[in-house]
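Results of the structural survey
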Amino acid sequence: AAIHLQLHKKNKLYADKYTEHVITYAKDWANILDTRVAKHVKQADKLRVDLDHYGKKVDDLNRGMNKTMSKGKSAKDSSVDKVKRNEQKLIQARQEYDRFVNDLCGFMEEIMER
């Protein structure tokens, strides 16, 4: 009976240490990952909203210029400059979004592999 009691105590000690060191670590790590992934997904959404904004803005500006030109009038230089500026912003927004999302996908793949 004494041997069984010692084995039981040792088994409980090992189980407690396992819980303390391994299970707690895994739970903490999962919480950290959840926080980081949620933060990155929120940032990706913000970048997508910016991308959509400039895409719509460029479309609207082009539509306005086409309407003006279809009436036989020439587009104002200021309108042409505005389109060019917003096209540059659209290109930049697309590059930022694509880069960020690619990095995020790589990060998530790395998480899944571990």
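Here's what I pulled together on the structure shown here. In this text the structure is predicted, and so the values were computed from the model without any measurement.

What follows concerns the packing of helix H1 (residues 2-70) against helix H2 (residues 77-113). For the pair H1 and H2, interaxial distance at closest approach is 8 Å and the crossing angle is 155 degrees. When the axis of H1 is compared with that of H2, the two are roughly antiparallel. The handedness of the crossing between H1 and H2 comes out as left-handed. A per-class count over the contact of H1 with H2 returns 21 nonpolar, 6 polar and 8 charged.

Moving on to a positive patch on the surface. Among the surface-exposed residues, Lys57, Lys82, Arg85 and Lys89 lie close enough to one another that they form a single positively charged patch. In terms of residue count, the dominant contributor to the positive patch is H2 (3 residues). Its place among the elements puts Arg85 in helix H2.

The rules behind these values
Residues numbered from 1 in each chain as written. Predicted model: local features only at pLDDT ≥ 70, side-chain atom pairs only at ≥ 80, totals over all residues. Heavy atoms only, no water. Axes fitted to C-alpha atoms, helices over the stretch in contact; angles between N-to-C directions. Helix = DSSP H or I, 4+ residues; strand = E, 2+ residues; numbered from the N terminus. Parallel < 35°, antiparallel > 145°, perpendicular 65-115°, else oblique. Left-handed = near helix turned anticlockwise from the far one by under 90°. Nonpolar A, V, L, I, M, F, W, Y, C, P; charged D, E, K, R; others polar. Patch = residues over 30% accessible without salt bridge, like charges linked within 9 Å, V, L, I, M, F, W, Y side chains within 5 Å. Areas by Shrake-Rupley, 256 points an atom, 1.4 Å probe, with all protein chains shown as cover. Salt bridge = Lys/Arg side-chain N within 4 Å of Asp/Glu carboxyl O. Lys, Arg positive; Asp, Glu negative; His and termini not counted. Charge placed at Lys NZ, Arg CZ, Asp CG, Glu CD.

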